[in-house]
Amino acid sequence: MKLKSLKLHPFAGIRKKEIQFEGGLHVFLGPNEAGKSTVFHAILNTLLTTTSLTTNKVESEMGRFFPASGGDVIRVELELTDDDQNTVRIEKIWKKGNRQGSASLHLPDGTEITNEEEVQKRIEEILPVSPATMKTILLADQSGLHHTIREMEREDHVRKELGDLLRQNLMETGGVSVDRFRELLDQRYEEYFKRWDREQEYPEKNRGISNPYKVGTGKILDAYYKKEQLRLDLEEAQRFEDELDRLNEELSELISRQKEKKEEFDKLEPLKKGISQRQVLEQKLETAKEKKTRLFEISQKWPVMENQIKELEPKKKKEQEKVGKLQEAQKKAQSKQRAEQLAAKVKKLEELAEKVKEAKKEVEDAQKIDAEDIQKLRRLRTEISNLKSKIEGSRLTLRIESESDQIIGFSEAGKTEEELETKAGKQVEKTASGGFTLFIDGVKVDVFSGEGDLEEVVKNVSEKEKELKSHFEKLEVDSLESAESLAELYRQKKQALDQAENLCKSELGDEDVESMKQELENLGDLDKVRDFEIINQELVDAQTELRSLSKDAEAAHEQLAEWKKTFNTVEEVIDEVGDISRSIKDLTAEIGELPKLPERFDSAEQFIDKVESLDREIRGLEKEISDKKLEKATLEGDVPDTSSEELQKMVEEAESDFERIHHEGETLANVRERTLSLLESMDANTYSSLEKSFLNWLHQIVGDRFETIEMDVDLPSTFKTNDGRPLTYDLLSHGTKDTVALAWRFALTEHFLQDQSGFIILDDPMVDMDPDRRKMASKAIEEFAKKQQVLVMTCHPEYGKQLNKGALFEI
Amino acid sequence: MYKIFHIADLHLGLRFQNHPEAQETLVQARYETLEKLVKLANDKDAEILAIAGDLFDKTSMKVSEIQQAVHAINRFEGNVVLVLPGNHDYITADSQLWDRFNKEAGENVLVLDEKESVDLSGYGLNAVIYPAPCHAKHSTENAIGWVKEEQKDLEKVHICIAHGSIEGVSPDFDQHYFPMTVRELQDAGVDLWLMGHTHITWPEKPGEKDIIFNPGTPEPDGFDCRHAGRAFLHTIDEKKSIQVEILRTGSYRFERMEQTLNHQKDIDNLLDEFQKDEYLKSVVKLSVSGRLEPELYEQWLEKRHQVRDSVLELKLDDANLRRKVTEEQIRKEFSEGSFPEQLLSSFSGNEEDELQMAYELILEVKE
């Protein structure tokens, strides 16, 4: 679609104006911020802005286009026409206030649409590209010109539209929508592989059959679960069958054991009663036999016993007599002992009497000095000694020096006189006690010591000594010591006599010797009597023998008494033996008729035990069998409804299904992978035509300034100058940026519009270019306008002149 | 002289779970076949009807199912029916299956539950039967060991009925289906072996000296069963010589078919083949392969339901049937350099599955 006409009445600063468009280049010359932008905005808003705006939106989006001179309405009529001259007319009226505007669309067939929403929808359908792309590429205003590339970076939508467009060129040639194909692949892939881990070839997250996903599973997983479940079912069925086999085997084993036991039991059990009877009768027989033996013995012993009693009596009597005699002899032997004792005692007494007699004589013969005498003598001597001590205590020393030789008498007090010879010039010294007497030439000189009664004392000593002497004479001794010695001798002898007399007395006791002698004489001659000990031993033997005989007799009597009590007579015993013999015979016969104990049994007890244990075992087995049957019934309660053989087939089928589905899935996955990698590699070529076109336009404007341009997918990124310097877009000069932007927009517009006819509005595209570039740019614009309608807005008249191949509009 | 109608492995109670469409028909067919077999035995004036094991597929049969079976068997008009428990319907001391069976069975129906010889003179027949019943599903030992030891009256005909695998005849890799060897059977001093277990007929062509016979199932039970259901009719004369007739007894077939479709006539022939009535009672596993021109392939897709409609149940595997996708064709349909052309051309010779799938997917989105 190209622009055919535009009518403003009013719009912004224009009260009323109508512009008719041709194909190719149109130059709009007018002052900045005046007419040239008005035309641009009128076209843009008519195409892209709805008239159904809220009060606020009217103000913010359209407010600046209401006439400054006043009025609350703006109107635009725009006609578009295609190559076949089909014309579409759009009328839009914006009014201030809430949704006051209106729009209408006149289609080539004459229909008119006034529903605003529908009008806008239809307009956008007519546009060759989306509104965003319109704004960014085809209808970029002045400020947007050299920002084209930057804007594109921001506008994802535009880039996507461009990409889709370019890709479509490449791929939809086969009438196949790549996107739909990819969607289909994804959908199928999901159908197969949902929750399936392809790498592990196992359910995702290891959720095998024991913990399966219930929902959202893919075909492969479904097939996998199905085969696994069947495999489990098969295992279960096999386990069941094996278990049943086992139970059946155990059961039949138990039953056959029971049968065996029953057979044996049935064979033995009927014998049980007979054998048990036999046991009782055999017991009886045994007892009877024992009794018979015992009675037979009694019958034999009975007469023997009676005879024994008879023989025992005389023996007993004889023995009793013997005991009597021995007892008598024992008495005599006792008298003999008495006599011997008496004789010995008498003899001892006579010897003691003789010793007394001898001691008496000794005493009589000894000098009789008794203790009293000695006492008297000692007292006297003591008195004398005391007195003498008194005298001794008054000792005097006499020294005589004579002038000539003389004889002087001297006597110590109480003592006899002695003669002292003195020599001239020599000293004689004498000591005396108590006093002394000197007889010198007849002169008697008595010298006394102390009190002067020493003389009395001396006299007393003499008297006492005389008395002592007379005692000595009287006792026929010469000294006290000899007197004492004699006194001791006398005392000893007297003591010996006393001892002898005491001995004699004690031996005699109360008896007297004479009566003893008399008794001895009475006992007579006992020499021939035997010893007591021998007799005693004989007596003990005889008494023992007697006791033994008595005991035998007593036992025999008792036995007989008992027998008599039991059997009365020996004849009756014999009768009883006969009875028992008959009974033994009967029993033996009876036993003979009973069943015999089978050989393998040692006793009836063993046999009966066996029968009873068989019975118990049979009942035990019965219980086991019933338990086993119950176990089997329980197992069979869970019987799988399909046999393992049938399940085996199902497993195989499910496995092959799984293999097939898995193979299909893998095939699909391969197709998908191939598709994705193919698309990726094709994508790499998507932008090559754009790149080519861009370079072409750039060359037209700047010549060979750039050697190569690198694309970052869909945007030019690096510009390499012919001197080898790589420059990013930002590093380019303003003028260069403008040229690059212009070339880029031409390339893009070419791609967006492709075969369709369309228009592009350029707002002062050459402002920052140097004159040479401007010239070349003008040529490029003119070149581009050969294919598409181009509206150039400018406020520079000279630029307008340069674009002299187009219609000029001054606004 | 008398005749023995010999069958085995009917497997009443098979569930056919992997045949959802035919299941009900197949399950019921086995009971119908039993009725037909008894009728056939009566028509042939057989004196003995011998069922050599696996009359039932499992021991856990429903009472009504057992009754249905016994009532059919009770209709046998000959002298005696000999029913041997096989490894699927094995007998135990407390077997509810066989207790119920015996309760319902007529006077001349004998369940051979013991390894004890049975003299049939009471049934007016000069025969002593040596049964080898199964007492479990699996056993590594067979049940015929005792037969050889038995004293045998040369005047009588000695017939052993046994069930289990025969080495070299039936697959039993684990040796747990009462395995027997031909030698063992031949050495047992028996005049005739009425066998069961193996689902194929053996010998396929009985010779004069053969004494071991395994009829196979009388009603096909799966794709492994290639025959139409078999029974033997043995005729024994006074000299103990045996005449054998193989009877076809089954109603339904399991057919495995492989077809290659490359041309129009292949498709036409295949479709014609299935117009035959016999396929109405067949479960068919059809594997189709080949390369068809796209329009023929479309035709196949359109018409293949005709096969399905003419069989009891169809398991169709036509994954290996392909459109002929050639480079030429790709170029014809898609312009060079276009995405579909590039994609389809990228698959190598051994990526045929991928090529097919990619092609089909592209067709799905092609406008």
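Right above here is the structure, for reference.
Computed from a predicted model, the values in this text were never measured in an experiment.

Examining the overall build of chain B
Turning to step 1, where the next piece is worked out: Helix and strand content of chain B: nine helices and 14 strands.
Turning to step 2, where the next piece is worked out: A buried classification covers 56% of the 367 residues belonging to chain B.
Turning to step 3, where the next piece is worked out: When contacts within chain B are restricted to residue pairs at least 6 apart in sequence, those whose partners lie at least 24 apart make up 71%.
Turning to step 4, where the next piece is worked out: Accessible surface, chain B as shown: approximately 16200 Å² in total, 43% of it carbon and sulfur.

Quick word on the overall build of chain A
Turning to step 1, where the next piece is worked out: Within chain A, the secondary structure is distributed over 20 helices and 21 strands.
Turning to step 2, where the next piece is worked out: Burial analysis of chain A (811 residues in total) assigns 40% to the buried set.
Turning to step 3, where the next piece is worked out: Across chain A, every contact between residues at least 6 apart in sequence was considered, and the portion connecting residues at least 24 apart equals 71%.
Turning to step 4, where the next piece is worked out: Of the accessible surface of chain A, which amounts to about 46500 Å², a share of 46% is contributed by carbon and sulfur atoms.

Describing the sheet that holds strand E21 (residues 807–810) of chain A
Residue and element names in this part refer to chain A.
Turning to step 1, where the next piece is worked out: The sheet built from four strands is open, its strands ordered E19-E20-E3-E21 with parallel pairing. Two strands lie at the open edges of the sheet, namely strand E19 (759–763) and E21, each paired on one side alone. Neighbour-to-neighbour, the strand axes of the sheet open up by a mean angle of 20°, direction not taken into account.
Turning to step 2, where the next piece is worked out: As paired strands, strand E3 (residues 25–29) and E21 are joined by four bridges and run parallel to one another. Its bridge partner lying in E21, valine 27 is registered against leucine 808.

Some remarks on the side chain of Thr198(B)
Residue and element names in this part refer to chain B.
Turning to step 1, where the next piece is worked out: Here threonine 198 is to be found in the loop between strand E8 (192–196) and strand E9 (212–213).
Turning to step 2, where the next piece is worked out: In this structure threonine 198 comes out as buried when scored by relative accessible area, which is 4%.
Turning to step 3, where the next piece is worked out: Residues within four places of threonine 198 in sequence aside, it is in contact with Asp9, Gly164, Val169, Ser170, Asn214 and Gly216.

Remarks on unusual backbone geometry
Turning to step 1, where the next piece is worked out: Cis geometry is found at the peptide bond from His9(A) to Pro10(A), where omega equals -5°.
Turning to step 2, where the next piece is worked out: One can find Pro10(A) in the loop between strand E1 (2–8) and strand E2 (17–20).
Turning to step 3, where the next piece is worked out: With omega at -5°, the peptide bond leading from Trp202(B) into Pro203(B) counts as cis.
Turning to step 4, where the next piece is worked out: Summarising the element assignment, Pro203(B) is placed in the loop between E8 and E9.
Turning to step 5, where the next piece is worked out: The phi angle at Ala12(A) is positive, at roughly 50°, despite the residue not being glycine.
Turning to step 6, where the next piece is worked out: Mapped onto the elements, Ala12(A) comes out in the loop between E1 and E2.
Turning to step 7, where the next piece is worked out: Even without glycine at this site, His197(B) takes up a positive phi of about 115°.
Turning to step 8, where the next piece is worked out: By the element assignment, His197(B) lies in the loop between E8 and E9.
Turning to step 9, where the next piece is worked out: On the accessibility criterion, His197(B) (12% relative accessible area) is buried.

Here's the deal with the sheet that holds strand E13 (residues 282–292) of chain B
Residue and element names in this part refer to chain B.
Turning to step 1, where the next piece is worked out: Pairing within the open sheet is parallel, and its three strands lie in the order E12-E13-E14. Of all the strands in the sheet, just strand E12 (253–260) and strand E14 (313–323) have a single pairing partner and so form its edges. For this sheet, the mean angle separating the axes of adjacent strands, direction not counted, is 5°.
Turning to step 2, where the next piece is worked out: Bridge analysis of E12 against E13 gives eight bridges, and the strand direction is parallel. Note on E13: the bridge partner recorded for glutamate 255 is valine 284.

Quick word on the pairing of strand E5 (residues 87–95) of chain A
All names here are of chain A.
Turning to step 1, where the next piece is worked out: Across nine bridges, strand E4 (residues 73–81) lies against E5 in antiparallel orientation. Bridge pairing in E5 links valine 73 to lysine 95.
Turning to step 2, where the next piece is worked out: Where E4 hands over to E5, the hairpin turn is made up of five residues, of which glutamine 85 adopts a positive phi near 65°.
Turning to step 3, where the next piece is worked out: Sheet analysis places E5 next to strand E6 (residues 102–106), joined by five bridges and oriented antiparallel. Residue lysine 92 lies in a different strand from E6, and its bridge partner there is alanine 103.
Turning to step 4, where the next piece is worked out: Count of turn residues in the E5/E6 antiparallel hairpin: six residues, of which glycine 97 carries a positive phi of about 105°.

Section: the packing of aromatic side chains
Turning to step 1, where the next piece is worked out: Evaluation of the coordinates by the stated rule reveals 25 aromatic pairs over all chains.
Turning to step 2, where the next piece is worked out: A ring pair is formed by Tyr130(B) and Trp146(B), whose centres lie 6.0 Å apart and whose planes are at 50°; its orientation type is tilted. Here the residue Tyr130(B) occupies a position in strand E6 (residues 127–132), and Trp146(B) occupies one in the loop between E6 and strand E7 (157–163), the gap between them amounting to 16 residues. Neither Tyr130(B) nor Trp146(B) differs from the other in exposure class; each is buried.
Turning to step 3, where the next piece is worked out: An aromatic cluster is defined as three or more aromatic residues linked by ring pairs; in this entry it consists of Trp196(A), Tyr202(A), Tyr224(A), Tyr225(A) and Phe658(A).

Observations concerning the nonpolar core
Nonpolar side chains in soluble globular proteins tend to end up buried together.
Turning to step 1, where the next piece is worked out: Counting 89 residues, the largest nonpolar core has Leu6(A), Ile43(A), Leu47(A) and Ile781(A) as the members making the most contacts within it.
Turning to step 2, where the next piece is worked out: Considering each element in turn, this core owes the most residues, ten residues, to helix H18 (residues 734–753) of chain A.
Turning to step 3, where the next piece is worked out: For Leu6(A), the residues in contact, after removing those within four places along its chain, are Lys17(A), Glu18(A), Ile19(A), Phe21(A), Val39(A), Ala42(A), Ile43(A), Val76(A), Glu77(A) and Leu78(A).
Turning to step 4, where the next piece is worked out: The next biggest cluster of nonpolar side chains, apart from the first, holds 38 residues, and it includes Tyr225(A), Phe658(A), Leu678(A) and Phe334(B).

Focus: the interface of chain A and chain B
Turning to step 1, where the next piece is worked out: Listed by partner, the interface residues are 44 residues for chain A and 45 residues for chain B.
Turning to step 2, where the next piece is worked out: Counting the surface lost from both chain A and chain B, the interface buries some 3800 Å², and carbon and sulfur atoms represent 55% of this.
Turning to step 3, where the next piece is worked out: Taken together, the connections running from chain A to chain B amount to six salt bridges.
Turning to step 4, where the next piece is worked out: Note that Glu241(A) and Lys137(B) form a salt bridge whose closest N and O atoms lie 2.6 Å from each other.
Turning to step 5, where the next piece is worked out: At the boundary of chain A with chain B, the tally comes to 19 residue pairs in polar contact (both at pLDDT 80 or more).
Turning to step 6, where the next piece is worked out: Listing elements by their share of the side of chain A that touches chain B, those giving two or more residues are helix H6 (156–171), helix H7 (178–193), helix H8 (219–365), helix H15 (604–637) and helix H16 (644–686) of chain A.
Turning to step 7, where the next piece is worked out: Examining the composition of the side of chain A that touches chain B, we find that 17 residues originate from one element, H16(A), more than from any other.

Thoughts on the pairing of E6(B)
Looking down a regular strand, the side chains alternate between one sheet face and the other.
All names here are of chain B.
Turning to step 1, where the next piece is worked out: Within E6, six of the six residues are buried, which leaves the element mostly enclosed by the surrounding structure.
Turning to step 2, where the next piece is worked out: Of the two faces of E6, the one lined by Ala127, Ile129 and Pro131 and the one lined by Val128, Tyr130 and Ala132 are each fully buried.
Turning to step 3, where the next piece is worked out: Here strand E5 (residues 118–119) pairs with E6 via two bridges, running antiparallel. Paired with valine 118 across the bridge in E6 is isoleucine 129.
Turning to step 4, where the next piece is worked out: In the sheet, E6 pairs with E7 via six bridges, with the strands oriented parallel. Note that in E7 the partner of tyrosine 130 across the bridge is cysteine 160.

Calculation notes
Residues numbered from 1 in each chain as written. Chains lettered and ligands numbered in written order. Predicted model: local features only at pLDDT ≥ 70, side-chain atom pairs only at ≥ 80, totals over all residues. Heavy atoms only, no water. Helix = DSSP H or I, 4+ residues; strand = E, 2+ residues; numbered from the N terminus. Buried < 20%, exposed > 50% of the residue type's maximum accessible area, 1.4 Å probe, protein only. Contact = heavy atoms within 4.5 Å. Areas by Shrake-Rupley, 256 points an atom, 1.4 Å probe, with all protein chains shown as cover. Pairing = 2+ DSSP bridges. Axes fitted to C-alpha atoms, helices over the stretch in contact; angles between N-to-C directions. Phe/Tyr/Trp six-rings, centres within 6.5 Å; stacked < 30°, edge-to-face > 60°. Core = buried A, V, L, I, M, F, W, Y, C linked by side-chain atoms within 4.5 Å. Buried area = accessible area lost by both parts, 1.4 Å probe. Salt bridge = Lys/Arg side-chain N within 4 Å of Asp/Glu carboxyl O. Polar contact = N/O pair within 3.5 Å; in protein donor to acceptor, adjacent residues only side chain to side chain.

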